[in-house]
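# Residue-level structural notes
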Amino acid sequence: MAPDLYQFLPEVHAFLSQSPVRMFIGGRWVEAVNGGTFETLDPGDGSPLARVAEGQAEDIDRAVRAAREAFTRSGWATMPVKERAVLLHRLADLVEKNCAVLAQLESLDVGKPLSAAATVDIPNVAQTLRWYADLAVHTRLREPIPVAHYEAYQARTPYGVAAFILPWNFPMLLVGWNLAPALAAGNTVVVKPAEDTPLSTLYFCKLVEQAGIPAGVVNVVPGFGEEAGDALAEHPGINRMGFTGSPEVGRKVAAACGENLVPVKLELGGKGAAVVFDDVDVEEVATKLVEAVTFNTGQVCCTATRWLLHERIYDAFVEAAAEKMQSIRIGYGLSADTMMGPVVSDKQRQRVLGYLERGQRQGAHAVLPGGPAEVPGHEGGFYVKPALLAGNPDNVCAREEIFGPVAYLMKFADADEAIELVNRSPYGLANSVWSMQIDRAQRVAEALVAGNGWINGHNLFPHGVPYAGCNLSGMGGGVLGPDTLLDYLRPQSIVRPLE
Ligand code: NAD
């Protein structure tokens with residue numbers, strides 16, 4: 001942490017100075033039952049940022065009990081939807097009012113540029129809360145079923161305790177995407193944020209309190225995956241699970257939920273592709289794809305990591321992209337001119353560097369080799385340079401999720417070849433197609449096996465359009481769509497014979 005160089009907001013300073021930052025259970029700020037704590041680091045220089053209470057199985061149990069109690073007794077689940085919506089709008093107001101604090105915490109904990117946190121991540125949380133609050137008000141909770149000889153209808157009621165295990169790349173934004181529909185539907189929640197980035201989620205609980213949301217409706221237990229995460233996934237008291245993270249851990253979480261027959265939503269990794277035809281403005285598309293793959297230092301599940309370029313524009317595109325990539329300013333998250341911050345941890349940095357080395361050992365040509373980056377004044381930070389590799393589709397960097405600012409370039413001659421190359425991946429999250437011929441772009445987008453296809457853009461997330469993965473990228477319904485609200489409402493058929 002470099003407080004002398006950067007202006008810390010007094011609220012941020014006070015929040016980080018607590019020792020430890022406590023967890024939020026049943027409307028109270030509490031330490032871990034066993035008193036354990038852990039450090040969260042500033043990825044910008046590797047120094048300790050704050051000490052945080054470390055939740056374990058007993059703390060998860062307390063949180064699930066508190067959420068259950070709030071579900072049955074606080075009135076949250078049974079209050080008129082309009083009243084719940086008012087409270088969620090009040091929470092959204094508070095998120096907006098405290099945007100500067102949340103954004104600074106997010107930038108410090110994740111390493112992302114402050115401007116990105118302040119203009120993308122935090123405002124999106126407020127928008128998502130509002131969007132689901134309004135949708136809930138307009139959703140029919142009793143739907144007639146027309147059948148002969150019976151009066152029948154479907155009633156929808158909240159499930160109970162919805163549990164969430166979340167990753168470190170967009171901690172706050174994913175709190176919004178996941179909690180907003182669950183809360184708007186009337187569930188209570190228990191959240192286990194990633195151990196690398198618990199701070200904004202904990203600060204958010206202060207706003208939950210201020211909004212007047214009843215105690216126990218939102219509970220947050222920071223801690224490590226194999227302890228707190230595992231305990232939450234296995235807890236028999238949860239009624240739904242939403243997991244966002246890697247396929248490896250997703251499998252474990254799904255297996256634990258399967259044991260208890262708890263419905264689970266998995267939002268997992270990706271190996272997104274961009275298919276660029278020869279009728280585009282090369283400079284413009286190269287700029288957009290460089291922005292996509294360096295956004296959040298490439299730590300984006302759906303980012304464009306495989307670039308399939310039509311052979312006629314390949315050389316010009318690579319030249320334009322390399323020039324643009326070299327102009328990306330790497331720096332500390334709070335520096336005003338930073339375009340790309342560090343990756344989140346030393347482990348993540350080693351992962352990215354390891355892939356670059358293995359990819360080149362397997363024969364990839366390095367247009368830009370990437371590698372460690374130094375930021376003066378921030379020695380010890382987890383910085384990497386963006387990289388452009390090119391080569392055959394069997395290379396490890398063309399197949400596996402790197403989760404860093406690395407694009408892998410391949411040539412194609414026609415649409416069929418591009419489709420075949422994209423569909424080699426076992427992932428199925430998001431791809432983009434770039435062409436002025438919209439009918440061709442739509443045909444190709446539909447042929448790419450994935451939950452999401454974008455045309456002439458990448459990373460597009462309007463509220464109301466479902467965002468979900470298939471195959472290794474996830475299952476269970478996704479987020480951001482109108483159906484996501486229904487996922488948190490238990491359907492029940494009510495039938496009466498007519499005489
Ligand atoms: P991860 O799977 O390592 O961790 C995710 C969460 O799971 C963390 O909170 C972690 O503590 C917890 N966890 C770890 N081990 C656990 C266990 N045994 N039991 C229960 N919980 C456990 O993933 P990560 O490194 O934090 O995030 C990166 C991954 O997330 C990438 O694969 C990325 O693509 C994916 N992701 C997907 C989406 C999406 O919407 N599809 C969004 C963001 C990130």
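Residues numbered from 1 in each chain as written. Predicted model: local features only at pLDDT ≥ 70, side-chain atom pairs only at ≥ 80, totals over all residues. Heavy atoms only, no water.

## Quick look at the packing of aromatic side chains
In the structure shown here, the tally under the stated rule is 13 aromatic pairs. Their ring planes at 90 degrees and their centres at 5.0 Å tell us that W131 and Y132 sit as a pair that is edge-to-face. Residue class for W131 comes out partly exposed when judged on its relative accessible area of 26%. With a relative accessible area of 0%, Y132 lands in the buried category. Considering the side-chain rings of W168 and F403, the 5.4 Å spacing of their centres and the 75 degrees angle between planes classify their relative orientation as edge-to-face. With W168 in the loop between β7 (161-165) and α6 (171-184) and F403 in the loop between α13 (396-399) and β18 (406-412), the pair connects residues that are 235 residues apart, well separated along the chain. As far as the burial class goes, W168 and F403 line up, both buried. Grouped by ring-pair contacts, the aromatic residues W177, W454, F461 and Y467 constitute a single cluster. Lying across the ring of Y159, R240 places its NZ or CZ 5.1 Å from the centre. (Phe/Tyr/Trp six-rings, centres within 6.5 Å; stacked < 30°, edge-to-face > 60°. Buried < 20%, exposed > 50% of the residue type's maximum accessible area, 1.4 Å probe, protein only. Helix = DSSP H or I, 4+ residues; strand = E, 2+ residues; numbered from the N terminus. Lys NZ or Arg CZ within 6 Å of the ring centre and 35° of its normal.)

## Some remarks on the packing of helix α3 (residues 81-97) against helix α7 (residues 199-211)
Packing of α3 against α7 leaves a shortest axis separation of 9 Å and a crossing angle of 130 degrees. Of the possible angle classes, the one that applies to α3 and α7 is oblique. You can see that α3 and α7 cross each other, and the crossing is right-handed. Residues L87, R90, L91, L94 and V95 of α3 form the contact with α7, whose own contacting residues are F204, L207, V208, Q210 and A211. Split by residue class, the contact of α3 with α7 holds 8 nonpolar, 1 polar and 1 charged. (Axes fitted to C-alpha atoms, helices over the stretch in contact; angles between N-to-C directions. Parallel < 35°, antiparallel > 145°, perpendicular 65-115°, else oblique. Left-handed = near helix turned anticlockwise from the far one by under 90°. Contact = heavy atoms within 4.5 Å. Nonpolar A, V, L, I, M, F, W, Y, C, P; charged D, E, K, R; others polar.)

## Focus on unusual backbone geometry
It is generally the case that most residues other than glycine have a negative phi and that most peptide bonds are trans. Backbone torsion omega between S19 and P20 reads 0 degrees, so that peptide bond is classified as cis. Take P20: it is sitting in the loop between α1 (10-17) and β1 (23-25). The residue T297 is not glycine, and still its phi comes out positive at about 55 degrees. Judged by relative accessible area, which is 2%, T297 ranks as buried.

## Thoughts on a nonpolar patch on the surface
A cluster of nonpolar side chains, I145, V147, Y150 and V495, forms an exposed patch at the surface whose accessible area comes to about 340 Å². Relative to the helices and strands, V147 resides in the loop between β5 (142-145) and β6 (150-158). A residue is classified by how much of its surface remains accessible, and V147, at 44% relative accessible area, is partly exposed. (Patch = residues over 30% accessible without salt bridge, like charges linked within 9 Å, V, L, I, M, F, W, Y side chains within 5 Å. Areas by Shrake-Rupley, 256 points an atom, 1.4 Å probe, with all protein chains shown as cover. Salt bridge = Lys/Arg side-chain N within 4 Å of Asp/Glu carboxyl O.)

## Brief notes about α7
For α7, spanning 13 residues, the distance from its first C-alpha to its last is 19 Å, which sits close to the expected 18 Å at 1.5 Å a residue. For α7, the tally of buried residues reaches 10 of 13 residues, placing the bulk of the element in the interior. Turning to α7, its buried residues are L199, S200, T201, L202, Y203, F204, C205, L207, V208 and A211. Phi turns positive, to about 85 degrees, at G212, one or two residues after α7. (Expected span 1.5 Å × (residues − 1).)

## Brief notes about the pattern of salt bridges
Taken as a whole, this structure holds 17 salt bridges when the rule is applied. Note that R65 and D61 form a salt bridge whose closest N and O atoms lie 2.9 Å from each other. Of this pair, R65 and D61 are both found in helix α2 (residues 57-73), 4 residues apart, which corresponds to roughly one turn of the helix. Residue class for D61 comes out partly exposed when judged on its relative accessible area of 24%. What emerges from the salt-bridge pattern is a single network uniting D93, E96 and R130.

Coordinates in, geometry out; function isn't part of it.
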